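Tertiary structure, described
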Amino acid sequence: MNEDNQNRGLFSGKLGFVLAAAGASVGLGNIWRFPYLAAKYGGGVFLVIYLILAFTFGYTMIMAESAIGRLTGKSPVGAFGAFSNSRFVKAGGWINAIIPILIVPYYSVIGGWVLKYLWTNIRYGTAPMVESTFFTGFISNGWEPFIWFCIFAFCTLIIIFLGVEKGIERVTKTMMPVLVILALIITAYSVTRPGATAGIRYFFIPDFSRFSWMTVVTALGQMFYSLSIAMGILITFGSYMKKDVSIEQSTEQVEVFDTIIAVMAGLMIIPAVFAFSGADAGKNLNAGPSLMFITMPSIFDSMGIGRVIAIMFFLLVFLAALTSSIALTESAASTFEDELGWNRRTSTLVLGVIMISLGALSALGYGTLSNVTIIGMQFLDFFDFLTNSVMMPIAAIAICLLVTRVISVEKIIEEIEMDGMPFRRKKLFCFMIKGVSPALALIILISSVANAFGIIKM
């Protein structure tokens, strides 16, 4: 395996890897998706299930992917191919590599929506966003969402062009502390609103009468969003990790950071909804994806300093979205460089063309192209279903099988324990990777596909 690749960028140390991996994890999945799923699937019950899964399934997958990346010094396709010439093994690598290429265009469209809301707050305040037709009017307004998408995509591509240490590491070292400070301020403000205590109790105190099998399935699905599992990102970032960095300690720090931000996101939103809605809190919490773009602006508008809080909130969401977008795009750029021999400039330009081409479909999918659907879904919803519900569970299964059937668990352990590095949860890792983790990924795959075709309801 590649001990050193002089032409390959590397993180300067553990902090670079941790902040980049945490930046990948702390995105729209945490700030946007986690709170509304927690609200919908039982509050405290969902949180307990999520935490258990994060420190078992999530831990195992982060460890495995990071170790594979560092062991080979390659992005997903090369990493899988380094151990076997089998077309089935190589297919597993390509699935991991293609996922971020398909995700980042529609992800950047949502990032563009966030930028639009941030700009509106800065220029006009919260009043325009309270209008019931503001959000639907915006996303269906021809080319405006496309323009905001392009601005967000350009921000991502500039950072990718600068490379690993000068671009990704430098930017995440700046943005992540700002993100944490903003999260702390907004959380503190939210939980101290009159009536917010009911929301805090709902979020933290489990009511097991609200538990169902779908709570487990949904929490499992959230793992992929929250921890950037099976997207090729962690294999790529692992390949940039120096040999003297502890994989387990880095993984634990990413786990803790991600969990703290997810919990803070819940505290930013759920108590605020209770404080604003009172008896109608349940209805507003079940608003789903529209919670951030429709419900939260109304809540901000009702606050005394709502405009300031709204600006900080959407700046926070923008930074979170940008760090994840950078990670997704970097994974794709690394694949182009490794497999096609392209330089950073060419990889970035080609990715820009792909992002704009595929992103245009999602950006215009609720307006100009609203009459065009795939299996009854708009383009953005279809790309989300294809990647998150189908490809990512398959990619996770492929990673588990690569470790257990091709590389060997012992070889991965050897990489993790290199130079006496700690591996305290070795038994848990072996137990999960050999059977439980692939089984859980298979459950997500079957459940998600069954839900999409109306066989079950999640």
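One structure accompanies this document, and this report is about it. Quick caveat: nothing in here was measured; it's all calculated off a predicted structure. (Residues numbered from 1 in each chain as written. Predicted model: local features only at pLDDT ≥ 70, side-chain atom pairs only at ≥ 80, totals over all residues. Heavy atoms only, no water.)

1. With respect to the overall build of the protein chain
- A tally of regular secondary structure across the protein chain gives 20 helices and zero strands.
- Its C-alpha radius of gyration of 21 Å places the protein chain within 12% of the 23 Å reference for a compact globule of 458 residues.
- For the protein chain, the C-alpha atoms occupy an extent of roughly 60 × 50 × 45 Å along the three principal directions.
- Long-range pairs, those at least 24 residues apart, make up 82% of the contacts in the protein chain between residues at least 6 apart in sequence.
- As presented, the protein chain carries roughly 17000 Å² of accessible surface, and 64% of it is formed by carbon and sulfur atoms. (Helix = DSSP H or I, 4+ residues; strand = E, 2+ residues; numbered from the N terminus. Rg over C-alpha atoms; globule rule 2.2 N^0.38 Å. Contact = heavy atoms within 4.5 Å. Areas by Shrake-Rupley, 256 points an atom, 1.4 Å probe, with all protein chains shown as cover.)

2. Description of the packing of aromatic side chains
- Per the stated rule, a full pass over the model turns up 26 aromatic pairs.
- Centre to centre, the rings of Trp-143 and Phe-146 are 5.2 Å apart; their planes meet at 85°, and the pair counts as edge-to-face.
- We classify Phe-146 as buried; its relative accessible area is 16%.
- Arranged with centres 5.3 Å apart and planes meeting at 55°, the rings of Phe-300 and Phe-313 form a pair that is tilted. Residue Phe-300 is found in helix α15 (residues 290-302), and its partner Phe-313 is found in helix α16 (residues 306-340); the two are separated by 13 residues along the sequence.
- Judged by relative accessible area, which is 2%, Phe-300 ranks as buried.
- Through successive ring pairs, a cluster of aromatic residues spans Trp-32, Trp-113, Tyr-117, Phe-134, Phe-135, Phe-293, Phe-300, Phe-313, Phe-314 and Tyr-366.
- Above the ring of Tyr-189, the side-chain terminus of Arg-193 is found at 3.9 Å from the ring centroid. (Phe/Tyr/Trp six-rings, centres within 6.5 Å; stacked < 30°, edge-to-face > 60°. Buried < 20%, exposed > 50% of the residue type's maximum accessible area, 1.4 Å probe, protein only. Lys NZ or Arg CZ within 6 Å of the ring centre and 35° of its normal.)

3. Thoughts on the environment of Tyr-106
- Within the secondary structure, Tyr-106 sits in helix α5 (residues 87-124).
- A relative accessible area of 4% places Tyr-106 in the buried class.
- Taking the C-alpha atoms as reference points, Tyr-106 and Asp-338, separated by 232 residues in sequence, lie 25 Å from one another.
- Those residues in contact with Tyr-106 that sit more than four places away from it in its chain are Ser-362, Leu-380, Phe-383, Asp-384 and Thr-387.

4. Looking at empty space enclosed by the protein
- All told, the structure shown has one cavity of 30 Å³ or more when counted by the stated rule.
- Its boundaries defined by the atoms lining it, the largest cavity holds a volume of some 40 Å³.
- The wall of the largest cavity is formed by Ile-186, Tyr-189, Ser-190, Met-268, Ala-272, Met-296, Phe-300, Met-303, Ile-309 and Phe-313.
- When residues of the lining of the largest cavity are traced back to their parent elements, those giving at least two are α9 (164-191), α13 (247-277), α15 and α16.
- Ranked by residue count, the leading element in the lining of the largest cavity is α9, at three residues.
- Residues that form the lining of the largest cavity fall into these classes: nine nonpolar, one polar and no charged. (1 Å grid on protein atoms, 1.4 Å probe; cavity = no way out; pocket = protein on both sides within 12 Å on 5 of 7 lines; lining within 4 Å. Points joined across faces, edges and corners; volume = space filled by probe spheres on them. Nonpolar A, V, L, I, M, F, W, Y, C, P; charged D, E, K, R; others polar.)

5. Thoughts on the pattern of salt bridges
- Under the defined criterion, the tally for this structure stands at nine salt bridges.
- Between Glu-252 and Arg-424 there is a salt bridge, with the nearest N and O atoms lying 2.9 Å from each other. Within this pair, whereas Glu-252 is found in helix α13, its partner Arg-424 is found in the loop between α19 (409-416) and α20 (426-452), the two being separated by 172 residues in sequence.
- The exposed category is assigned to Arg-424, whose relative accessible area is 55%. (Salt bridge = Lys/Arg side-chain N within 4 Å of Asp/Glu carboxyl O.)

6. Overview of α13
- Its 31 residues give α13 an end-to-end C-alpha distance of 44 Å, which sits within 8% of 45 Å, the value for a rise of 1.5 Å per residue.
- Counting buried residues along α13, 24 of its 31 residues qualify, which places the element largely inside the surrounding structure.
- Taking the backbone nitrogen of Gln-249 as reference, a side-chain oxygen 3.1 Å away marks Ser-246 as the first, capping residue of α13. (Expected span 1.5 Å × (residues − 1). Polar contact = N/O pair within 3.5 Å; in protein donor to acceptor, adjacent residues only side chain to side chain.)

7. Examining a nonpolar patch on the surface
- Residues Phe-154, Ile-158, Phe-161 and Leu-162 make up a contiguous nonpolar surface patch of about 400 Å² in total accessible area.
- Relative to the helices and strands, Ile-158 resides in helix α8 (residues 144-162).
- With a relative accessible area of 39%, Ile-158 lands in the partly exposed category. (Patch = residues over 30% accessible without salt bridge, like charges linked within 9 Å, V, L, I, M, F, W, Y side chains within 5 Å.)

8. Some points on the packing of helix α3 (residues 44-72) against helix α11 (residues 213-227)
- Contact geometry for α3 and α11: axes closest at 9 Å, N-to-C directions at 50°. Relative to α11, α3 is oriented oblique. Of the two possible hands of crossing, α3 and α11 adopt the one that is right-handed. Facing Val-45, Phe-46, Ile-49, Tyr-50, Leu-53, Ala-54, Phe-57, Gly-58 and Ile-62 of α3, the residues of α11 in contact are Thr-215, Val-216, Thr-218, Ala-219, Leu-220, Gln-222, Met-223, Phe-224, Ser-226 and Leu-227.
- A class-by-class count of the residues in the contact of α3 with α11 yields 14 nonpolar, five polar and no charged. (Axes fitted to C-alpha atoms, helices over the stretch in contact; angles between N-to-C directions. Parallel < 35°, antiparallel > 145°, perpendicular 65-115°, else oblique. Left-handed = near helix turned anticlockwise from the far one by under 90°.)

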